Amino acid sequence: MNARLKVFTLLEAQGVPASEADDLVAALEVGAIAGAQSEVVELDGMAPASRGEVFADGWDDGVTAVSEVLVGIADRDWSRRGGRSAGAAELAVHLADVRQRERTDLVRLERFVRESVLPRTHPHTTARRRVLEALGKAGGLCTARTRNSDGDVIVCTLDAGHYDPDDKPPFKGGKPGGWHKADASIWNDLGAACIPHAAL
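Everything numeric in this text was worked out from a predicted model, so none of it was measured.

Colleague: So what exactly am I meant to see when it comes to the side chain of aspartate 189 here?
Modeller: Considering the arrangement of structural elements, one finds aspartate 189 in the segment after β4 (185-187). Of note is the side chain of aspartate 189, whose polar atom sits 2.6 Å from the side chain of histidine 180. Not counting the four nearest positions on each side in its chain, aspartate 189 is found in contact with Ala144, Tyr163, His180, Cys194 and Pro196.

Colleague: Hey, could you run me through the packing of aromatic side chains in this one?
Modeller: Throughout the structure, instances matching the rule amount to one aromatic pair. Geometrically, the ring pair formed by phenylalanine 55 and tryptophan 59 is tilted, given 6.2 Å between the ring centres and 40° between the ring planes. Note that phenylalanine 55 and tryptophan 59 are positioned in helix α3 (residues 53-80) at a spacing of four residues, about one turn of the helix.

Colleague: For this particular structure, what's the right way to read the pattern of salt bridges?
Modeller: Side chains that differ in sign of charge can pair as their charged atoms come close. Using the criterion set out here, one finds three salt bridges in the structure. Among the salt bridges present, the one from arginine 114 reaches glutamate 110, with a minimum N-O distance of 3.6 Å. Of this pair, arginine 114 and glutamate 110 both sit in helix α4 (residues 88-117), four residues apart, roughly one helical turn. Close ionic contact of arginine 129 with glutamate 133 constitutes a salt bridge, the shortest N to O distance being 3.0 Å. Pair noted here: arginine 129 and glutamate 133 are both in helix α5 (residues 126-134), with a separation of four residues, about one helical turn. On the basis of relative accessibility, which here comes to 43%, the residue glutamate 133 falls in the partly exposed class.

Colleague: Whenever I open this one, the nonpolar core confuses me. Can you help?
Modeller: Side chains that are nonpolar tend, in soluble globular proteins, to be buried together. In this structure, Cys142, Ala144, Ile154, Cys156, Leu158, Ala182, Trp187 and Cys194 together form the largest nonpolar core, which totals eight residues. Those residues in contact with tryptophan 187 that sit more than four places away from it in its chain are Ala144, Arg145, Thr146, Ile154, Val155, Cys156, Trp179, His180, Lys181, Ala182 and Cys194. Counting seven residues, the second-largest nonpolar core is a separate cluster that includes Val113, Val131, Leu132 and Leu135.

The rules behind these values
Residues numbered from 1 in each chain as written. Predicted model: local features only at pLDDT ≥ 70, side-chain atom pairs only at ≥ 80, totals over all residues. Heavy atoms only, no water. Helix = DSSP H or I, 4+ residues; strand = E, 2+ residues; numbered from the N terminus. Polar contact = N/O pair within 3.5 Å; in protein donor to acceptor, adjacent residues only side chain to side chain. Contact = heavy atoms within 4.5 Å. Phe/Tyr/Trp six-rings, centres within 6.5 Å; stacked < 30°, edge-to-face > 60°. Salt bridge = Lys/Arg side-chain N within 4 Å of Asp/Glu carboxyl O. Buried < 20%, exposed > 50% of the residue type's maximum accessible area, 1.4 Å probe, protein only. Core = buried A, V, L, I, M, F, W, Y, C linked by side-chain atoms within 4.5 Å.

This is the structure we're talking about:
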């Protein structure tokens, strides 16, 4: 289905009418079956001689039966579709149904994250920021970042606009919330590895 839809999309982009695209794809599909049938026919008379005459007769009968089935499939599919493949409109309906199911699953997952995961995260932590980003709710958070001693990028988890270089963290005699914070890391915008939120 996905391969057909991609072919239809490419043909449409080249200005090929939908009916002509249907004919082309149907011809390719039936041609693939015919190609398989031609390979099966070549196996006629190819039974291993060491297996005896009775085996060879059964082998050739099997080749004939499979060949006839493949021809029947090609003929039936071509006539049933009137020379047309599963058309772009039919595939679009199928794709719309798949996407609707995906949207339903996404809504269910989002509700679970919002109601069960988010309440269990602690304020001003990277875990909470990641949950908010997944929910699309991190737009009001600070975007300042730095690197820790391990080289990992750390992004501030406080609200945007909180930064005050004169409001130092508690261990430096200031009030909480002045410098950037994420989990146990606290930093200001002056470090070489820091990207201030104002620069983004």
